[in-house]
Amino acid sequence: MSDDQALTGPGTQTRRTLLTGVGAVGAAVVLAACGSDDGDSGSGAPTSGGPAVPSTGDAGGGDRQGAQSLATTADIPVGGGKVLAAQGVVITQPVAGQFKGFSPICTHQNCPVTNVDGGTINCTCHNSKFSIEDGSVKAGPATKPLPPKDIKITGDQISLA
């Protein structure tokens, strides 16, 4: 028997054939995992029983003027902030009454930032730190600031602008 062959049942199959089948199954699992997390099966109809999201407007699913609140002003501590990864934003309050929004993705290697502590937005992948005031790099290895995100304050509600 050659090195490329292995007995796998009533007949003989090559190891290459066996590994090709295993690889195809693995690829199917990976591709299925890369599918949409929003419950949309591609048909445009909601699968969760919730209301359909309009396909017009911006990439957020429609009119941002009516966007839902992400947090209240009381949720964001003065001199700190909050990472809202699922909503795609970090909101900070460098000084009382001044709120800033930033991308939650570290500019070093695209890891998500994990917390706001000690006056910085922190990425624990490689310990980059960014200013809560302007997103500038306070400690590397990142060399580029966090991109700003437009937020708006309506009363005590904070939403994406």
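Parameters at a glance
Residues numbered from 1 in each chain as written. Predicted model: local features only at pLDDT ≥ 70, side-chain atom pairs only at ≥ 80, totals over all residues. Heavy atoms only, no water. Pairing = 2+ DSSP bridges. Helix = DSSP H or I, 4+ residues; strand = E, 2+ residues; numbered from the N terminus. Core = buried A, V, L, I, M, F, W, Y, C linked by side-chain atoms within 4.5 Å. Buried < 20%, exposed > 50% of the residue type's maximum accessible area, 1.4 Å probe, protein only. Contact = heavy atoms within 4.5 Å. pLDDT = per-residue confidence, 0-100.

### Comments concerning the pairing of strand S11 (residues 151–154)
At step 1: Sheet topology places S11 next to strand S12 (residues 157–160); four bridges connect them, and they run antiparallel. By the bridge assignment, isoleucine 153 is partnered in S12 with isoleucine 158.
At step 2: Where S11 folds back on S12, the antiparallel hairpin that results is connected by two residues, among which glycine 155 adopts a positive phi of roughly 65°.

### Describing the nonpolar core
At step 1: Among the nonpolar cores identified, the biggest contains 12 residues, and these are Val90, Phe102, Cys106, Cys111, Val113, Val116, Ile121, Cys123, Phe130, Ile132, Ala142 and Leu146.
At step 2: If near-sequence neighbours (up to four positions away) are discounted, isoleucine 132 is found in contact with Gly79, Gly80, Thr92, Pro94, Lys100, Phe102, Val116, Gly119, Thr120 and Ile121.
At step 3: Membership of the second largest hydrophobic core comes to 10 residues, among which are Leu70, Ala71, Ile91 and Ile158.

### A few points about the environment of glutamine 93
At step 1: With respect to the secondary-structure elements, glutamine 93 resides in strand S5 (residues 89–95).
At step 2: Judged by its relative accessible area of 5%, glutamine 93 falls in the buried class.
At step 3: The spatial distance from the C-alpha of glutamine 93 to the C-alpha of valine 78 is 5.1 Å, given a sequence separation of 15 residues.
At step 4: Aside from chain neighbours lying at most four places away, what touches glutamine 93 is Thr73, Ile76, Pro77, Val78, Gly79, Gly80, Gln98 and Phe99.

### Regarding the confidence of the model for the chain
At step 1: In this model, the chain carries an average pLDDT of 73, and 58% of its residues clear a pLDDT of 70 or more.
At step 2: Across residues 27–66, where pLDDT falls below 50, the model places 17 contacts with residues more than four positions away in sequence or in other chains.

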